[in-house]
2 protein chains.
Amino acid sequence: MSLQTQTPLQLLQSFTTQTTDYKQLINSNGINAITPQQIQRIEQLSGKAPHHYLSRGVFLAEKSLDKFLDDVEAKKPTFIFIQKYPQKEIALEEYVTLEFARYLQDAFNVQVIIQILDDIKVLNREATINEASKMSNDLMKYILAFGFNEDKTFIYTDYQYFGKMYRTISLVEKATAYNVVQPFFNFEYSDNIGKLSSPSIMTASMFSQSYSHFFSSPARCLVLDSIKNVQFHSIIDQIASTLHFLQPSVLFHKMVPLLSGVTKFDIPSDLNSILLSDNAKQVERKINKLAFSGGRNTTEEHRKLGGQCDIDVSFQLLNIFSSDDTQVKDVEEKYSKGELLSGELKKIVSSSMKDFIVAYEAKKKPITTAYLKAYISKTKF
Amino acid sequence: MSLQTQTPLQLLQSFTTQTTDYKQLINSNGINAITPQQIQRIEQLSGKAPHHYLSRGVFLAEKSLDKFLDDVEAKKPTFIFIQKYPQKEIALEEYVTLEFARYLQDAFNVQVIIQILDDIKVLNREATINEASKMSNDLMKYILAFGFNEDKTFIYTDYQYFGKMYRTISLVEKATAYNVVQPFFNFEYSDNIGKLSSPSIMTASMFSQSYSHFFSSPARCLVLDSIKNVQFHSIIDQIASTLHFLQPSVLFHKMVPLLSGVTKFDIPSDLNSILLSDNAKQVERKINKLAFSGGRNTTEEHRKLGGQCDIDVSFQLLNIFSSDDTQVKDVEEKYSKGELLSGELKKIVSSSMKDFIVAYEAKKKPITTAYLKAYISKTKF
């Protein structure tokens, strides 16, 4: 079954199996697996050790990454781009792209631009303008806690920034036929007209023409995104080529599994995910009670056959969020061999994730509403 | 044949006959003919003689006019609204709504807001952003020449003002189902997504919520529009009621006939219309050579049967654009009786229209680019 002929909904439904066939996903969507040579090149260009998201394959695929690295090397204008959808609850899933953007900014001293889709939230009837605005403010505080270089970081919401972007948005609209985006977004005849044009808002933001106060000439954009959106990026490339704009480079990351172990697209919530707002106790409880285990049915079986790291949610969390390579390797080996039991694994992961959450909490604490206000007025265009 | 079941295209095609059945158009679209009582009320409220556009039925129909007059009388916040589509050539057709807005502003000392749809021009692939911007600037000069009270007149283009309007636009988008606007605009599956959402831009501008710097509480809007858009206004009312916004009042005017006498919807151009940029000589030539005549085939027949004022373009131009009631009445009587021949009528109309154009030219002359710039910066929000 070729994934290329699937609609995004079908594509996402195919993730209901416990493991995702990333290899097939990459091959059938015309993107590339990240190579050891590319990781080496990032290390050389930045003079810093590569992030464990690269060495452990959390970021696993790319489109036009070499072009971005060429432009970084040639000191041409570039920027890193992330798109965020406001949610009441902020899950660990949100952490991956933000942390990686922070690392890339640190590595390459590059501009980071983050778009918060408050308008799309309203058009999707999930919030009023006021609610979306409150969620966006909360999300901004979570983002600032990552420790970006604030002089080189621009975070905006569509409602605030639409005026500056609108010329570019209308060009994207003009270049985007309804019949091209309709299958991807599953638009229906009864949908509201704002939804139908929303792809332009989600695309114009990846072109440097939307940020004329930062870039006087076209700048290369590197988008950090989940691989579940891979098909949208081929639409974006078509639009870019129609408009003679630079096609964005993209780095794709794996999906962060829900606690149930299913990687299916589902909105992370308090019931199925660890939230960035959880405290240490809640993290411990969720891992112990909810995290799907790759352990065997009995202790004897487990000792004999070993645990299954590829479907064990606790191990996957450790693999994504712990920066301690030695520990991760050690745990993987022992769990696979059956030396480490499921309960023992959970204890290790729980302790590591608690440290992780506590460290983040400490960084988030100084980001008060007053701090946020000062940041926004500092970055106002 | 009920007009209510017709698409706008069919509706417009029905205007290919020489005369339009305005009575049927009014009855079948749920709007009202303007009554003598309403004209009298306008006269009383303003303390000024009613404009000949009212007494001669150029503005002939209305929706919720009484509510607007109530609010004027109660000194509640109100505004007059006009929408303009930028064109390379500015035809006489453009004159009617602008002149009437100027009169109403003078009569009621009310805010006038004029939206120029430069973005829709681009989305319709009729101009680049730069070309649309140039056309909009030209149009703005033509508008300022009408002598509005500039302290109470706000003229904007969508590209300039989108940022301020966007919250309201997105609410309108949310309240507008694609299947409601699709038949009216004849949208197709291959259309670009900007066109599909453009009705929101053309609607949000009629709600005072889009002008928060003018109105701190909801203000009644009176739209001046051609009767050919009557069906769109019932969509606007649905949207307003969904959003609990005030439904705009509307005054509808007759179509200004093309020189060929056809009132069918056709973009006015140098070939079929008198342009506001024409000089006296061009006006004379167009009336003599191109204006469809309601005269009879032979002089004898004409003397016997009389000329037909209702299909005579020259007479209609006089009726719309001359402010001399005595002359218009006199000409109508004599032409209908056959006392006045077609050539004689054209001579009278030509002279009157030349005076009209020369008077407008004189008002337009001081509106230089520098003047326009100063006006824009003065009205900047």
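Residues numbered from 1 in each chain as written. Chains lettered and ligands numbered in written order. Predicted model: local features only at pLDDT ≥ 70, side-chain atom pairs only at ≥ 80, totals over all residues. Heavy atoms only, no water.

**Structural notes on the relation of the copies chain B and chain A**
You can overlay chain B on chain A at an RMSD of 0.0 Å; the transform is a turn of 180° with a shift of 0.0 Å along its axis. Within this description, the copies of the chain are treated as partners about a two-fold rotation axis. Nearest to the rotation axis, the C-alpha of B:G163 is located 1.7 Å from it, this being the minimum over chain B. (Least-squares fit on C-alpha atoms with pLDDT ≥ 70 in both.)

**Observations concerning the pattern of salt bridges**
In total, this model carries 36 salt bridges over all chains according to the counting rule given. As a salt-bridge pair, B:K286 and B:D278 come within 2.8 Å of each other at their nearest N and O atoms. Neither residue differs from the other here; B:K286 and B:D278 are each classed as buried. Salt bridges sharing common partners tie together A:R41, A:D70 and A:E73. (Salt bridge = Lys/Arg side-chain N within 4 Å of Asp/Glu carboxyl O. Buried < 20%, exposed > 50% of the residue type's maximum accessible area, 1.4 Å probe, protein only.)

**Concerning the sheet that holds strand β7 (residues 249-253) of chain A**
All names here are of chain A. The 7 strands are arranged β1-β2-β7-β6-β3-β4-β5 in an open sheet whose pairing can be described as mixed. Sheet topology places β1 (32-33) and β5 (153-157) at the edges, where each strand pairs with a single neighbour. Where strand β3 (residues 78-84) lies against strand β4 (residues 111-116), 6 bridges are found, and the strand directions are parallel. Across the sheet, residue Q83 finds its bridge partner in β4, namely Q115. (Pairing = 2+ DSSP bridges. Helix = DSSP H or I, 4+ residues; strand = E, 2+ residues; numbered from the N terminus.)

**So, the side chain of A:S342**
All names here are of chain A. Looking at the secondary structure, you find S342 in helix α17 (residues 342-364). A polar side-chain atom of S342 sits 2.7 Å from a polar atom in the side chain of S293. Not counting the four nearest positions on each side in its chain, S342 is found in contact with S293, H302 and Y335. (Polar contact = N/O pair within 3.5 Å; in protein donor to acceptor, adjacent residues only side chain to side chain. Contact = heavy atoms within 4.5 Å.)

**Quick look at the packing of aromatic side chains**
Evaluated as defined, the whole model comprises 64 aromatic pairs over all chains. Consider the rings of A:F154 and A:F214, whose centres lie 5.4 Å apart with planes at 70°: the pair is edge-to-face. Of this pair, A:F154 sits in strand β5 while A:F214 sits in the loop between α11 (193-204) and β6 (220-226), placing them 60 residues apart in sequence. On the basis of relative accessible area, A:F154 is assigned to the buried category, the value being 3%. Among the aromatic side chains, those forming a connected cluster through ring pairs are A:Y178, A:F184, A:F185, A:F187, A:Y189, A:F232, B:Y178, B:F184, B:F185, B:F187, B:Y189 and B:F232. In this arrangement the basic side chain of A:K364 is found over the ring face of A:Y142, its NZ or CZ atom lying 4.0 Å from the centre. (Phe/Tyr/Trp six-rings, centres within 6.5 Å; stacked < 30°, edge-to-face > 60°. Lys NZ or Arg CZ within 6 Å of the ring centre and 35° of its normal.)

**Focus on the interface of chain B and chain A**
Taken together, the contact between chain B and chain A spans 34 residues of the former and 34 residues of the latter. Put simply, chain B and chain A have 0 salt bridges between them. Of all the secondary structure elements, the ones that give two or more residues to the side of chain B that touches chain A are α7 (118-123), α9 (158-174), α10 (178-185) and α11 (193-204) of chain B.

**What about the sheet that holds strand β4 (residues 111-116) of chain B?**
All names here are of chain B. Ordered by their spatial adjacency, 7 strands build an open sheet running β1-β2-β7-β6-β3-β4-β5, and the pairing between neighbours is mixed. Whereas interior strands pair on both sides, the edge strands pair on one side only; in this sheet they are β1 (32-33) and β5 (153-157). Packing of helix α8 (residues 129-144) onto the sheet brings it into contact with β3 (78-84), β4 and β5, and relative to β5 it is tilted by some 165°. (Axes fitted to C-alpha atoms, helices over the stretch in contact; angles between N-to-C directions.)

**Here we look at the domain arrangement of chain A**
All names here are of chain A. What the domain assignment lists for chain A is domain 1 (8-260) and domain 2 (280-364). The gap between the C-alpha centroids of domain 1 and domain 2 is 29 Å. Taken together, the 18 residues of domain 1 in the interface contact 23 residues of domain 2. When the two sides are added together, the surface that domain 1 and domain 2 hide from each other amounts to roughly 1,900 Å², 67% of it contributed by carbon and sulfur. On the surface where domain 1 and domain 2 come into contact, there are 1 salt bridge. Note that R56 and D325 form a salt bridge whose closest N and O atoms lie 2.5 Å from each other. Here domain 1 and domain 2 share 7 residue pairs in polar contact (both at pLDDT 80 or more) between them. Looking at the side of domain 1 that touches domain 2, the elements that each hand over two or more residues are α4 (52-55), α6 (93-108) and α8 (129-144). Looking at side-chain class alone, the side of domain 1 that touches domain 2 contains 12 nonpolar, 4 polar and 2 charged residues. (Domains from an automatic or database assignment. Buried area = accessible area lost by both parts, 1.4 Å probe. Nonpolar A, V, L, I, M, F, W, Y, C, P; charged D, E, K, R; others polar.)

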